[in-house]
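As a plain string of letters, each chain reads:
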Amino acid sequence: MNILLVDDEPDIINCLTDCLELLGHQVDAAESGQQALATMLHRVPDLIISDIRMPEMDGIKLKQSIPDHIPFIFMSGHLDDERALQSTGINYRHFLVKPFKLAQLKASLKEVSDD
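Owing to the predicted nature of the structure, the values given are computational and were not obtained by experimental measurement.

Peer 1: Got a sec to walk through the confidence of the model for the protein? Specific residues and values, please.
Peer 2: Counting all residues, the mean pLDDT for the protein is 91, and 99% of those residues have values of 70 or more. Looking at the elements of the protein, mean pLDDT is at its lowest for helix H4 (residues 80–88), recorded as 73, and at its highest for strand S1 (residues 2–6), recorded as 98.

Peer 1: Let's hear about helix H2 (residues 33–40): which residues, and what values?
Peer 2: Residues of H2 that are buried include every one of Gly 33, Ala 36, Thr 39 and Met 40, and no others. Down the axis of H2, the buried set is contained in an arc of 115°. They therefore lie on one face. In this structure, the buried residues of H2 make contact with S1, strand S2 (26–30), strand S3 (47–51) and helix H3 (59–64).

Peer 1: Any details on the nonpolar core? Residues and values, ideally.
Peer 2: With 19 residues, the main nonpolar core has Leu 4, Val 6, Ile 48, Leu 62, Ile 66, Phe 74 and Leu 85 as its most contacted residues. Sequence-distant contacts of Leu 4, defined by excluding residues within four places in its chain, comprise Asp 28, Ala 29, Ala 30, Ala 36, Thr 39, Met 40, Pro 45, Leu 47, Ile 48 and Ile 49. Grouped together as the second largest cluster of nonpolar side chains are 15 residues, Leu 5, Val 27, Phe 100 and Val 112 included.

Peer 1: Give me the pattern of salt bridges: which residues, what numbers.
Peer 2: One pass over the full model with this rule turns up 4 salt bridges. Taking the shortest distance from any N to any O, the salt bridge between Asp 28 and Arg 43 comes out at 2.9 Å. Taken together, the residues Asp 28 in strand S2 and Arg 43 in the loop between H2 and S3 connect sequence positions 15 residues apart. Under the relative-accessibility criterion, Asp 28 is labelled buried at 16%.

Peer 1: Please provide a residue-by-residue account of the packing of aromatic side chains, values included.
Peer 2: If you walk through the whole model with that rule in mind, you get 1 aromatic pair. Seen in terms of ring centroids, Phe 72 and Phe 74 are 4.6 Å apart; in terms of plane orientation they differ by 50°. Their pairing is tilted. With relative accessibility at 6%, the residue Phe 72 sits in the buried group. Overall, the relative accessible area of 0% leaves Phe 74 in the buried class.

Peer 1: Which residues make up the environment of Gly 59, and what values do they have?
Peer 2: By the secondary structure assignment, Gly 59 is in helix H3. Given the relative accessible area of 0%, Gly 59 is considered buried. Sequence-distant contacts of Gly 59, defined by excluding residues within four places in its chain, comprise Ser 50, Asp 51, Ile 52, Met 54, Phe 72 and Phe 74.

Peer 1: Could you give an account of the pairing of S3, naming the residues involved and the relevant values?
Peer 2: If a strand is regular, its side chains alternate between the two faces of the sheet. Most of S3 sits inside the fold, with 5 of its 5 residues counted as buried. The alternating pattern of S3 places Leu 47, Ile 49 and Asp 51 on one face and Ile 48 and Ser 50 on the opposite face, and all of these are buried. Two strands pair when backbone bridges link them, and S1 and S3 are joined in this way by 4 bridges, in the parallel orientation. Bridge pairing links Ile 3 to Leu 47 in S3. The pairing of S3 with strand S4 (residues 72–76) spans 4 bridges and is classified as parallel. Residue pairing for S4: Asp 51 is matched across the bridge by Met 75. This β-α-β element, S3 to H3 to S4, shows right-handed connectivity.

Rules and cut-offs
- Residues numbered from 1 in each chain as written.
- Predicted model: local features only at pLDDT ≥ 70, side-chain atom pairs only at ≥ 80, totals over all residues.
- Heavy atoms only, no water.
- pLDDT = per-residue confidence, 0-100.
- Helix = DSSP H or I, 4+ residues; strand = E, 2+ residues; numbered from the N terminus.
- Buried < 20%, exposed > 50% of the residue type's maximum accessible area, 1.4 Å probe, protein only.
- Arc of directions from axis to C-beta.
- Contact = heavy atoms within 4.5 Å.
- Core = buried A, V, L, I, M, F, W, Y, C linked by side-chain atoms within 4.5 Å.
- Salt bridge = Lys/Arg side-chain N within 4 Å of Asp/Glu carboxyl O.
- Phe/Tyr/Trp six-rings, centres within 6.5 Å; stacked < 30°, edge-to-face > 60°.
- Pairing = 2+ DSSP bridges.
- Right-handed = clockwise from strand over helix to strand, strands pointing away.

Following this line, the structure appears as structure tokens:
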């Protein structure tokens, strides 16, 4: 699976990229929502995993800017972000609270691939 990973923290990108590649996925990384959209001009991902809180364009605006058919996993280190996400009316199924365990990530990836 080709995954676009979006987070403004390089350490998170590096760690998750390593984990996802070990699981056999191809990973493109972006440090902002705008960079993610630019990356998508060259290759459309099978899945996007994005942090919610990022400068300039947050994960919610990113989700609103992409086609609905691309699966999306939100992640955040703030529990109140899920409440904020719910208030937007965005239809989402996957939300990971950082720090999360590899098993939680694998479960979300399996659910996405089963959809």
